[in-house]
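Single-letter residue listing:
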Amino acid sequence: MIGEKEGAGVDYLAEERAGAQFDLHSMKLFLAGGQHAYDVSKRMADLVANDPVFAKEDRVRVPRKEHYKNSLRKAGHAWKTILEQGLTEEESMKLRGFIDEPTYTELHWGMFIPALKGQATEEQQHKWLPKAYKMAIIGCYAQTELGHGSNVQGLETTATFDASTDEFVLHSPTLTSTKWWPGGLGKASTHALVYARLITDSQDYGVHAFIVQIRSLEDHTPLPNVTVGDIGVKFGNGGYNSMDNGLLRFDHVRIPRENMLMKLATVTKEGKYIRSNKPRQLGYGAMVFVRQGIVTDASIYLSRAVTIAVRYSAIRRQFGAKDDKPEVQVIDYRTQQYRLFPLLATVYAYRIVGFWMKWLYADVTERLNNNDFSTLPEVHSCTAGLKSMTTAITADGIEECRKLCGGHGYLCASGLPELYAVYVPACTYEGDNNILLLQVARFLLKTLAQAGSGTKPVGTAAYLGNIQHLTSVNCKVSRGEDWLNPSVMLEAFEARAARMAVGCGMRVAKAPDSESAFNELSPELVEAAQAHCQLIVVSKFIEQVQKDIPGEGVKQQLEVLCNLYALSLLTAHSGDFLATGYLTSRQVSLAKDQQKALFSAVRPNAVALVDAFDHTDNYLGSDLGRYDGDVYTHLYKNAWKDPLNESVVTEGYHDYLRPVLKQQLWGPASKL
């Protein structure tokens, strides 16, 4: 009977949870990054879940104008909450994350302020940062144009210096020079960090950053000669449509010379361009900060999708009923495990590499402060590659989780369509994924060339200093269990990545025109870059599980997930390992057999492993992924909340349905 379970307070996943073979709380602490981080996350999640202003269940049903207005209300209420409760920067970031609605504050705090810190002089920071911190101004990051995105050097907006007035003149000379896509620009921002071609004394010095006020601080109207607006509805219900991605044009807009960010270069009153003695690489710190955040976000978004899919797969039963026994849980079908469990392992892998990237950011920051730029090429490469790989896999993984939930996964009530729509832009912003991988490939070829000249590779590229061994050794695996040896697994991924990079490098080196060859080989170069990035994640996962990890059974579960992650990659990309000659087909078969054994090890722990992400029902926003597993009751209840069900007979019946049913399509009364 519909609703008979309602209110019973029954945990329909209790049996699944009772079978867990590890201490759940210890795993929660591990995934959070420690007790302090766990406490902050839990406190902020509960704060959001218990505040009705942050409610989100109906946002996929409302028109965009109302949706956007609601997002402004939530952002304003969040800021009020931050001030009233005296929340720290860490707490504030968590609060905004749990509100789970993209809005202008993301760009203000995540791009505008870090860019000021990285590119503005101390004097400029003293002027602008206090206003930004108080949100007395709202900033966005206006780089991308209608005609240029990844090719920053091709931007067309100009900033021409006028020495007679000591001003820069910002201008959009073509339609394609229109700034297009910056979040927060469309309706909210008062200021934009505009990237434009600096021209002085009739010479173009390339793209530089300028702070430009675009709206009045009194009534929010656009300033004279500034054309600004929203670019329109984006993919999916709800999703990213709470963000006012904007367009911006300038018609000879004048700004003071001091509005040019001058940490790395200046223009004098006389119009002389002077490059600072500070290395341009100082700006890399902000880039690493943003990209490590993107990788961490990838693990969070994918964990939400995997949580929904695992819980629903444990609740859903199909086929196999016999002898008065219930149908088989979908999660027990090997085909479901083959698609789902590697994604579960991937979440854990990305969470661990996210922790490492936080350390990397701290290390880079310290080195930059000491004028040590030795690791920057490698850091730039690995952060570019990991941003590309994690966002692509996460976007595809969310969609795979939707498919794993069958027809119900297509409902907005599942939470998965909106989750996909809000996440998929990450594959493009902060660098198109394929272009980033080609940057990684260039780094790999350059590193190989330098290694050949005696320069020792460092960091994540250190394995390229062992080329002779990696290109000649063959895998020693003879039993399935051999694949559980960390050194065996690591060598396999190192040999594959090294051989693919060397193969591409040799072909480019032999070509008469290296750039043409690079373009011709770009698909193979992307694959080599992906192999390198997969090696990074596998190696960091292996490093982590070899440490002491507190909590009963926690380390053992992480070892299982580490092996599953690596073997899932190996079997999915077995063609690479076979083509490079490192593995035999027999060894690939052994890897597949071991992978199945790991599925069996994951199965009794699957629900507890997603519980360890500690997502509240409010944050998941999914009837299928509810903690208590009461899926069907809530699907049924929520169906009746749809506006179409407000009337028993639909509003269009008399005008459009009845004439069809009664064959009254023609005549003076017909509206058809």
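Residues numbered from 1 in each chain as written. Predicted model: local features only at pLDDT ≥ 70, side-chain atom pairs only at ≥ 80, totals over all residues. Heavy atoms only, no water.

We now examine a nonpolar patch on the surface. Nonpolar side chains collect at one region of the surface, where Y656, V660, L665, W666 and L672 lie side by side and expose about 580 Å² of accessible area between them. Its location among the elements puts Y656 in helix α23 (residues 653–661). Given a relative accessible area of 44%, Y656 falls into the partly exposed group. (Patch = residues over 30% accessible without salt bridge, like charges linked within 9 Å, V, L, I, M, F, W, Y side chains within 5 Å. Areas by Shrake-Rupley, 256 points an atom, 1.4 Å probe, with all protein chains shown as cover. Salt bridge = Lys/Arg side-chain N within 4 Å of Asp/Glu carboxyl O. Helix = DSSP H or I, 4+ residues; strand = E, 2+ residues; numbered from the N terminus. Buried < 20%, exposed > 50% of the residue type's maximum accessible area, 1.4 Å probe, protein only.)

A few words now on the nonpolar core. Core analysis: the biggest nonpolar cluster contains 172 residues, and M27, Y348, W483 and Y565 have the highest contact counts within it. Once residues lying within four places of it in the same chain are set aside, the contact partners of Y565 are A345, T346, A349, Y350, M389, V537, V538 and F541. (Core = buried A, V, L, I, M, F, W, Y, C linked by side-chain atoms within 4.5 Å. Contact = heavy atoms within 4.5 Å.)

The subject of this paragraph is the pattern of salt bridges. Inspection of every chain in the model, using the stated rule, returns 33 salt bridges. With its nearest N and O atoms 2.7 Å apart, the salt bridge here joins E418 to R59. With a gap of 359 residues between them, E418 in helix α11 (residues 416–423) and R59 in the loop between α3 (35–49) and α4 (64–85) connect regions that are remote in the sequence. Judged by its relative accessible area of 13%, E418 is buried. Taken together, the shared-partner salt bridges connect K56, R59, K74, D100, E101, R304 and E418 into one network.

By the criterion of burial, strand β5 (residues 191–200) is predominantly enclosed, with ten of the ten residues buried. Of the strand pairs in this sheet, strand β1 (residues 139–142) and β5 are connected by four bridges, and their pairing is parallel. When the bridges of β5 are listed, C140 appears paired with A192. The pairing of strand β2 (residues 158–162) with β5 spans three bridges and is classified as parallel. Bridged to T158 within β5 is R197. Hairpin remark: β5 followed by strand β6 (residues 203–213), antiparallel, with two residues in the connecting loop; positive phi at D201, about 55 degrees. (Pairing = 2+ DSSP bridges.)

In this section: the UniProt feature "domain: Acyl-CoA oxidase C-alpha1" (unreviewed entry) in the protein. Those residues carrying the UniProt feature "domain: Acyl-CoA oxidase C-alpha1" (unreviewed entry) are residues 284–445 in this numbering. Here residues 284–445 runs as 73% helix and 0% strand, with 21 Å between its end C-alpha atoms. (UniProt positions renumbered as here; feature names shortened; annotations may be inferred.)

Another point: the UniProt feature "domain: Acyl-coenzyme A oxidase N-terminal" (unreviewed entry) in the protein. The positions UniProt marks with the feature "domain: Acyl-coenzyme A oxidase N-terminal" (unreviewed entry) are residues 25–138. With 75% helix and 0% strand, residues 25–138 has end C-alpha atoms that lie 40 Å from one another.

Taken together, the three strands give an open sheet; going across it, the order is β4-β8-β7, and neighbouring strands pair in antiparallel fashion. The strands lining the two open edges of the sheet, one partner per strand, are β4 (179–180) and β7 (226–230). As paired elements, β7 and strand β8 (residues 246–250) share five bridges and run antiparallel to each other. Residue V228 lies in a different strand from β8, and its bridge partner there is L248.

If you trace the backbone, A597 turns up in helix α19 (residues 585–602). Sequence separation of A597 and K234 is 363 residues, and the distance between their C-alpha atoms is 43 Å.

Our focus in this paragraph is unusual backbone geometry. Of note in the backbone geometry, D201 takes a positive phi value of approximately 55 degrees without being a glycine. Mapped onto the fold, D201 is located in the loop between β5 and β6. We note that N225 has phi near 65 degrees; this positive angle belongs to a residue other than glycine. Residue position: N225 is located in the loop between β6 and β7.

Taking 1.5 Å per residue as the helical rise, helix α7 (residues 122–134) with its 13 residues ought to reach 18 Å, and the 18 Å between its terminal C-alpha atoms agrees with that figure. Where α7 bends most, the angle comes to about 35 degrees, and this point is W128, followed within four residues by the proline P130. Among all positions in α7, only Q124, Q125, W128, L129 and A132 are buried. Those residues of α7 that are buried lie in contact with α6 (104–119), β5 and β6. (Expected span 1.5 Å × (residues − 1). Bend = angle between axes of the 7 residues up to and from the residue.)

Below, the discussion takes up the domain arrangement of the protein. Once the domains are mapped, the protein shows domain 1 (141–278) and domain 2 (284–610). Counting from both sides, the interface comprises seven residues of domain 1 and, opposite them, nine residues of domain 2. In this assembly, domain 1 packs against domain 2 so that about 630 Å² is buried in total across both faces, 72% of it on carbon and sulfur atoms. The three residues of domain 1 that bury the most area against domain 2 are S150, F235 and Y240, which together make up 63% of that side's buried surface. (Domains from an automatic or database assignment. Buried area = accessible area lost by both parts, 1.4 Å probe.)

The next point concerns the environment of A196. On the secondary structure map, A196 appears in strand β5. C-alpha separation for the pair A196 and F599, spaced 403 residues apart in sequence, amounts to 53 Å. Other than its neighbours up to four places away in sequence, A196 contacts T157, T158, A159, L170, G206, V207, H208 and F210.

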